[in-house]
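Examination of the molecular architecture
Listed here are the chains, written in short residue letters.
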Number of protein chains: 2
Amino acid sequence: MDVNGARDARGTRERLVVVGGDAAGMSAASQARRLRGPDELEIVAFERGNFTSFSACGIPYWVGGDVSDRDELIARTPEEHRERAIDLRMRTEVTAIDPAGKRVRAREAGTGTAYWTPYDKLVIATGARPVRPDLPGVDAPGVHGVQTLDDGQALIDTLSRTRGRRAVVVGAGYIGVEMAEALIHRGYEVTVVNRGSEPMSTLDPDMGRLVHEAMEGLGITMVDDAEVTEVRTGEDGRVRAVATRDAEYPADVVVLGIGVRPETSLAAAAGLPLGAHGGLLTDRAMRVRGHEDIWAGGDCVEVLDLVSGQERHIALGTHANKHGQVIGTNVGGGYATFPGVVGTAVSKVCDLEIARTGLREKDARRVGLRFVTVTIESTSRAGYYPGASPMTVKMIAEQRTGRLLGVQIVGREGAAKRVDVAAVALTAGMTVERMTALDLGYAPPFSPVWDPVLVAARKAATAVRQTC
Amino acid sequence: MDVNGARDARGTRERLVVVGGDAAGMSAASQARRLRGPDELEIVAFERGNFTSFSACGIPYWVGGDVSDRDELIARTPEEHRERAIDLRMRTEVTAIDPAGKRVRAREAGTGTAYWTPYDKLVIATGARPVRPDLPGVDAPGVHGVQTLDDGQALIDTLSRTRGRRAVVVGAGYIGVEMAEALIHRGYEVTVVNRGSEPMSTLDPDMGRLVHEAMEGLGITMVDDAEVTEVRTGEDGRVRAVATRDAEYPADVVVLGIGVRPETSLAAAAGLPLGAHGGLLTDRAMRVRGHEDIWAGGDCVEVLDLVSGQERHIALGTHANKHGQVIGTNVGGGYATFPGVVGTAVSKVCDLEIARTGLREKDARRVGLRFVTVTIESTSRAGYYPGASPMTVKMIAEQRTGRLLGVQIVGREGAAKRVDVAAVALTAGMTVERMTALDLGYAPPFSPVWDPVLVAARKAATAVRQTC
């Protein structure tokens, strides 16, 4: 049955079904609605949880107390979506997708009622699920994930009730380091247990080392190269410690921040194409490959890395919003594409800022690129200006061509967003030689006369020439 | 006499003469020295003033008290240059250049001794001179420019001695607004008298209006559309007021911040090519056009604006340093070019941040470009994150092609350096449509999920499509 057939079958309106009511799904729904009114397009959206359009990235700041109220993290409530003529069905899980029949099966959590409902166009925005290690004790009271607002509330409730002041964070990626900050803010003694050789494995180890040292400087106990083997509980059944092969770390509360995987079990069961990282594969218009009427976006898809030329999985709200915008435009009869990512990410732990974009050394090696690497020290402002703080910039450039491949920055105030310059340069395929002449904003309160990114580019350009 | 002839005449060493001991000149000398040792290259540098390699951009922060000591503004002292085998002759002014004879005439301020000295290669880095209006009373005690460290010291001395607390700043460009901040910091009641319709004429008037309002919010009296006609003095001969056609503004101290012009009288007298803005014209290697052995850089040259395709004059330390680096590399036997600028500038007045890059509306019109303009309001961080502050972004894009032409930003913390994203996009010739998908760093403490630059790009891309 083609689109026109379906439309004929039910009158003149097309029917868009959206699976997942968070950033990607509801951005798609909203944008489609902007372009096509309710007379032309019926929109039905299913969300299995209790919230729509919330900022998962904001949860650490809510837990840490920077954000006082859960509702501040909600960009748009179910009621607001419904006011825009979106038939939003909360606490209703889609349990099957039938691409041949152009229908999905839904089940209401409250009543248990299950039904099939047809679509002309389908948007899959099922997000990601946190990796939850299969460890003894991992389900004990006091062990928390931080994926959803409900997770966040549960953790806050535990923190309010717990008398002890020892927290263990398992994982030292973005979630792990941000939760470490949150727990420090709440007065906890924090231990971060990390499987890798350094925290922040999205950085090269030498830059991760700087994060390790800075986090120790903030009073956080950093345990690297440590695999958690068990969550140990006390007589009351609550968590009392996290055990690794070699040691035990007392814990009154444990936060799991190990990362996420694409939530694509529905898509897999429906025979939709998945990539090597388990995410849905789409074309440039965010259409699921080989399926004219199905789009997918957000944390459940793989995206093209413009630097490596390969697919990656990156769960990040800013991409989910862009995907939703692109999907909604296309579903709404317009034209938009998502060209891909360069892998930019920024984070902070108290006043430590961490940023990266492009390829790490091992990424470059993996895709067959030869490169030079330089690392420089500079400052966020002119050296004489109050508040100038040190910053380390690592830059990776391709041999011979001199094309920028990646940048990592660790520093204090003003470090993180400097990576945006590199993100744009990567997108443009710029060489480090060309970057040395970039006309970046200069005034003593904002930058040394040579911006740290320019200092790195100069050194990288010299290194490239020496390999020619 | 060609280079080899000159070398033969004095032995095997080439002789580089540098006119002007500040950022461009001494960067060139230092870089040339790095590439060629004293056995190969003799370097003689003339500086008519008392300082080398100082940060003129830092003077407002020294006057305002953010920087406590003058010497912090000096990147490298005469002694440090001499230690690198540069024959630096301080308080010695070059009074003539003889390109045909390949020599310059120098005069020592102390002794009055004058002499000709030969060069094989010449670097002209004579900088800029402040516009000093030809007004009655402009030379009265209490009226100050802020171009040199001596100027800064004289102003600080006046501020220390003056009992009154009323300051008038003439001019509302970068120097004017930065000096307004400095005087506020020193406890003055500040009036800024400005010839233009709004402050910061490097912005479009609508954005300048935001600066006007914010500066008034800081307690600064803003007088626009006002031409100063006279500086009035008291019975003691000191300044007592600044008069315009319509009014009089009492003043215990007056700061002139009207802008600068290229200091090219020497070059003009020597018949070297000057552009429409009075600056020396160079090629991509910063060589003076038509002169094999003469380079020029810094505030005395015109630079190619990559967006308009025309020459401009921009006095800015970051360009001067880049020019010096390029010149020194070429003089030292290497190869480097300065491709041009996109016109990025950032500034601040207390917590107000101001940034611009590329073309204003009137610039675009002047060079025959048709364009769309959008202005958006956003915030520096996620709206729910503490310290999120409003930011206005104006974006100009070419009709039909959608090519980015310019960006202006006015806001608080985090506004200024966001312009760098646009500066790189301009350099790469990016369209605003392409910019909507830029992978910029996102985390709640650093940006809303759609960075303000992306919000502007989305709106601009829509506006471009509507003109197609």
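None of the values given here were measured: they were computed from a predicted structure. Every chain begins its residue count from 1, and numbering advances along the sequence as written. All chains are assigned letters beginning at A, and all ligands numbers beginning at 1, according to the order in which they are written. Restriction of local features to residues with pLDDT of at least 70 applies here, the model being predicted, together with a cutoff of 80 or more for giving and counting side-chain atom pairs; totals for whole chains, interfaces and linings are based on all residues. Only hydrogens and water are removed before side-chain values are computed, so all heavy atoms of the structure are retained for them.

1. Some remarks on the overall build of chain A
Rules: In this text, helices come from DSSP runs of H or I with a minimum length of four residues, and strands from runs of E with a minimum of two, each type numbered from the N-terminal end. Between the two quantities, the radius of gyration covers C-alpha atoms and the globule rule is 2.2 Å times the number of residues to the power 0.38. Accessibility here uses a 1.4 Å probe with only protein chains present; expressed as a share of the type maximum, an area under 20% marks a residue as buried, one over 50% as exposed, and anything in between as partly exposed. What makes two residues a contact is simply this: any of their non-hydrogen atoms within 4.5 Å. Where accessible areas are quoted, they stem from the Shrake-Rupley method and a 1.4 Å probe; at the residue level, only the protein chains shown are allowed to cover. Neither His nor the chain termini are counted; the positive set is Lys and Arg, and the negative set is Asp and Glu. All charge positions are set by atom: Lys at NZ, Arg at CZ, Asp at CG, Glu at CD.
Counting secondary structure elements, chain A contains 13 helices and 25 strands. At 24 Å, chain A has a C-alpha radius of gyration in line with the 23 Å of a compact globule built from 468 residues. The principal-axis extent of the C-alpha atoms belonging to chain A is close to 70 × 60 × 40 Å. Relative to its 468 residues, chain A shows a buried fraction of 60%. Relative to all contacts within chain A whose residues are 6 or more apart in sequence, the contacts with residues 24 or more apart total 63%. Accessible area of chain A: about 17,600 Å², with a carbon and sulfur share of 46%. Charge centroids of chain A, computed over 56 positive and 61 negative side chains, lie 3 Å from each other.

2. Considering the sheet that holds strand β13 (residues 228–233) of chain A
Residues and elements named next belong to chain A. What counts here: Strands were regarded as paired on the criterion that DSSP finds at least two bridges between them. Interaxial angles span 0 to 180 degrees and are taken between N-to-C directions of axes, which are lines fitted to C-alpha atoms, for helices over the stretch in contact.
The strand order across the open sheet formed by three strands is β13-β14-β15, and the pairing between neighbours is antiparallel. Single-partner strands in this sheet number two, and they are β13 and β15 (248–250). On average, adjacent strands in this sheet sit at an angle of 20 degrees to one another, irrespective of strand direction. As paired strands, β13 and strand β14 (residues 239–244) are joined by five bridges and run antiparallel to one another.

3. Observations concerning the nonpolar core
Where we set the bar: For our purposes a nonpolar core is just a set of buried Ala, Val, Leu, Ile, Met, Phe, Trp, Tyr and Cys residues, chained together by side-chain atoms within 4.5 Å.
Membership of the largest hydrophobic core comes to 90 residues, with the highest contact counts inside it found for Met395(A), Met435(A), Met395(B) and Met435(B). For Met395(A), the residues in contact, after removing those within four places along its chain, are Val372(A), Thr373(A), Val374(A), Leu404(A), Gly406(A), Val407(A), Val432(A), Met435(A), Val453(A), Ala456(A), Ala457(A) and Ala460(A).

4. With respect to the interface of chain B and chain A
As a reminder, the rule being used: Computed with a 1.4 Å rolling probe, the buried area is the accessible surface lost when two parts are put together, summed over both parts. We define a salt bridge as a side-chain nitrogen of Lys or Arg found within 4 Å of a carboxyl oxygen belonging to Asp or Glu. Any pair of nitrogen or oxygen atoms within 3.5 Å is treated as a polar contact; in protein, a donor-acceptor pairing is required on top of that, and neighbouring residues in sequence qualify only through side-chain atoms on both sides.
Contacts between the two partners involve 60 residues from chain B and, on the opposite side, 60 residues from chain A. Contact with chain A buries surface across chain B, with Tyr384(B), Asp439(B) and Phe446(B) losing the most and accounting together for 16% of the total. Inspection of the chain B/chain A interface yields two salt bridges. When the shortest N-O distance is used, the salt bridge between Asp451(A) and Lys417(B) registers 2.7 Å. On the surface where chain B and chain A come into contact, there are 21 residue pairs in polar contact (both at pLDDT 80 or more). Elements with a minimum of two residues in the side of chain B that touches chain A: α9 (317–331), β21 (345–349), α11 (419–427) and α13 (452–467) of chain B.

5. Thoughts on the sheet that holds strand β7 (residues 121–124) of chain B
Residue and element names in this part refer to chain B. Strand order in the open sheet made by the five strands is β3-β2-β1-β7-β18, with parallel pairing throughout. Only two strands of the sheet have a single partner each, and these edge strands are β3 (87–90) and β18 (294–296). Adjacent strand axes in the sheet meet at a mean angle of 15 degrees when their direction is disregarded. Here three bridges tie β7 to β18, and the two strands are oriented parallel to one another. Bridge pairing links Ile124 to Ala296 in β18. Each of β1 (14–19), β2 (41–47), β3 and β7 touches helix α2 (residues 23–35); the most contacted strand, β2, lies at about 165 degrees to it. Sitting on the sheet, α9 touches β1, β7 and β18, and the angle it makes with β18 is about 160 degrees.

6. Some details on the packing of α2(B) against α9(B)
Residue and element names in this part refer to chain B. The following threshold applies: With the far helix as reference, a near helix turned anticlockwise by less than a right angle produces a left-handed crossing, and one turned clockwise produces a right-handed crossing. All amino acids are sorted into three groups, where Ala, Val, Leu, Ile, Met, Phe, Trp, Tyr, Cys and Pro are nonpolar, Asp, Glu, Lys and Arg are charged, and the leftover types, Gly among them, are polar.
Put simply, α2 and α9 touch, their axes get as near as 7 Å, and they point 35 degrees apart. For the crossing formed where α2 meets α9, the hand is right-handed. Of the residues in α9, those in contact with Ala23, Ala24, Ser27, Ala28, Gln31, Ala32, Arg34 and Leu35 of α2 are Ala320, Asn321, Gly324, Gln325, Ile327, Gly328, Thr329 and Val331. Its residues assigned to classes, the contact of α2 with α9 comprises eight nonpolar, seven polar and one charged.

7. Quick look at the UniProt feature "domain: FAD/NAD(P)-binding" (unreviewed entry) in chain A
Note the threshold: UniProt positions are given in the numbering used here, feature names are shortened, and annotations may be inferred rather than shown by experiment.
Here, the residues flagged by UniProt with the feature "domain: FAD/NAD(P)-binding" (unreviewed entry) are residues 15–321 of chain A. When the span residues 15–321 of chain A is considered, its composition is 23% helix and 28% strand, and the gap between its end C-alpha atoms is 22 Å.

8. Some remarks on the environment of Val367(A)
Residues and elements named next belong to chain A. Take Val367: it is sitting in the loop between α10 (361–366) and β23 (371–379). A C-alpha to C-alpha distance of 39 Å links Val367 and Asp139, two positions 228 residues apart in sequence. In this structure, Val367 is in contact with Ser308, Gln310 and Leu359, ignoring residues within four places of it in sequence.

9. Regarding the domain arrangement of chain A
Buried accessible area, meaning the area lost when the parts come together, often serves as the stated size of an interface. Residues and elements named next belong to chain A. As a reminder of what qualifies: The source of the domain bounds is an automatic or database domain assignment.
Per the domain assignment, the segments making up chain A are domain 1 (3–129 + 261–331), domain 2 (132–257) and domain 3 (353–467). Placing a centre on the C-alpha atoms of domain 2 and another on those of domain 3 gives a separation of 32 Å. Each partner contributes to the interface: domain 2 provides eleven residues, whereas domain 3 provides 14 residues. The largest share of the area that domain 2 buries against domain 3 comes from Leu203, Asp204 and Met207, three residues that together contribute 48% of it.

10. Points about the packing of helix α11 (residues 419–427) of chain A against α11(B)
Threshold: Throughout, the term roughly parallel applies to angles under 35 degrees, roughly antiparallel to angles over 145, roughly perpendicular to angles from 65 to 115, and oblique to all others.
At their nearest, the axes of α11(A) and α11(B) sit 9 Å apart, and the two run at 20 degrees to each other. As far as their axial angle goes, α11(B) and α11(A) are roughly parallel. Every pair of crossing elements has a handedness; the one defined by α11(A) and α11(B) is right-handed. For the pair α11(A) and α11(B), the contacting residues are Asp420(A), Val421(A), Val424(A) and Ala425(A) in the first and Asp420(B), Val421(B), Val424(B) and Ala425(B) in the second. Split into classes, the residues belonging to the contact of α11(A) with α11(B) amount to six nonpolar, no polar and two charged.

11. Digging into the pattern of salt bridges
Summed over all chains, the structure comprises 76 salt bridges over all chains. Close ionic contact of Glu198(B) with Arg209(B) constitutes a salt bridge, the shortest N to O distance being 3.1 Å. Placement of Glu198(B) in the loop between β11 (189–193) and α7 (205–217) and of Arg209(B) in helix α7 is noted, with a sequence separation of eleven residues between them. The network of salt bridges with shared partners includes Asp204(A), Asp206(A), Glu361(A), Arg365(A) and Lys394(A).

12. Details of the UniProt feature "domain: Pyridine nucleotide-disulphide oxidoreductase dimerisation" (unreviewed entry) in chain A
Annotation from UniProt places "domain: Pyridine nucleotide-disulphide oxidoreductase dimerisation" (unreviewed entry) at residues 347–449 of chain A. Summarising residues 347–449 of chain A: 18% helix, 35% strand, and an end-to-end C-alpha distance of 26 Å.

13. Section: the pairing of strand β1 (residues 14–19) of chain A
Residues and elements named next belong to chain A. Quick note on the threshold: Every crossover in which the path from the first strand over the helix to the second runs clockwise, viewed with the strands pointing away from the viewer, is termed right-handed.
Within β1, six of the six residues are buried, leaving the element largely enclosed by the surrounding structure. The alternating pattern of β1 places Glu14, Leu16 and Val18 on one face and Arg15, Val17 and Val19 on the opposite face, and all of these are buried. In the sheet, β1 pairs with strand β2 (residues 41–47) via six bridges, with the strands oriented parallel. Residue Glu14 lies in a different strand from β2, and its bridge partner there is Leu41. Handedness of the crossover is the feature at issue here: the chain leaves β1, passes through helix α2 (residues 23–35), returns alongside β2, and the resulting connection is right-handed.

14. Examining the relation of the copies chain B and chain A
As a reminder of what qualifies: The copies were overlaid by least squares, fitting only the C-alpha atoms of residues that reach a pLDDT of 70 or more in each copy.
Superposition of chain B onto chain A requires a rotation of 180 degrees combined with a translation of 0.0 Å along the rotation axis, giving an RMSD of 0.0 Å. On this basis, the relationship between the two copies can be described by a two-fold rotation axis. Residue Val421(B) of chain B places its C-alpha closer to the rotation axis than any other residue of that unit, at 2.8 Å. The residues that chain B uses at the interface reappear at the interface of chain A in 100% of cases, marking a shared surface.

15. A look at the packing of aromatic side chains
Rules: Side-chain rings of Phe, Tyr and Trp, where Trp is taken by its six-membered ring, are said to pair if the distance between their centres is within 6.5 Å; with planes under 30 degrees apart they count as stacked, over 60 as edge-to-face, and otherwise as tilted. Either the NZ atom of lysine or the CZ atom of arginine qualifies as a charge over a ring when it sits within 6 Å of the ring centre and within 35 degrees of the ring normal.
The final tally for this structure, using the stated rule, is four aromatic pairs over all chains. Here Tyr61(A) and Tyr385(B) contribute two aromatic rings whose centre-to-centre distance is 5.1 Å and whose plane-to-plane angle is 85 degrees, an arrangement assigned as edge-to-face. With Tyr61(A) in helix α3 (residues 59–63) and Tyr385(B) in the loop between β23 (371–379) and β24 (390–398), this residue pair bridges two chains. Neither Tyr61(A) nor Tyr385(B) differs from the other in exposure class; each is buried. The positively charged end of Arg103(A) is found above the aromatic ring belonging to Trp116(A), 3.8 Å away from the centroid.

16. Comments concerning the state of the cysteines
Convention followed: Here, the term disulfide refers to a pair of cysteine sulfur atoms separated by no more than 2.5 Å.
Going through the model one piece at a time under the given rule, you end up with zero disulfides over all chains. With no disulfide of its own, Cys300(A) lies 16 Å from the sulfur of Cys57(A), the closest cysteine sulfur.

17. Here's the deal with the environment of Thr436(A)
Mapped onto the elements, Thr436(A) comes out in the loop between α12 (432–435) and α13 (452–467). Separated by 23 residues in sequence, Thr436(A) and Lys459(A) place their C-alpha atoms 9.1 Å apart. Every residue in contact with Thr436(A), bar those within four places of it in the chain, is listed here: Trp450(A), Leu454(A), Ala457(A), Arg458(A), Ala461(A) and Lys322(B).

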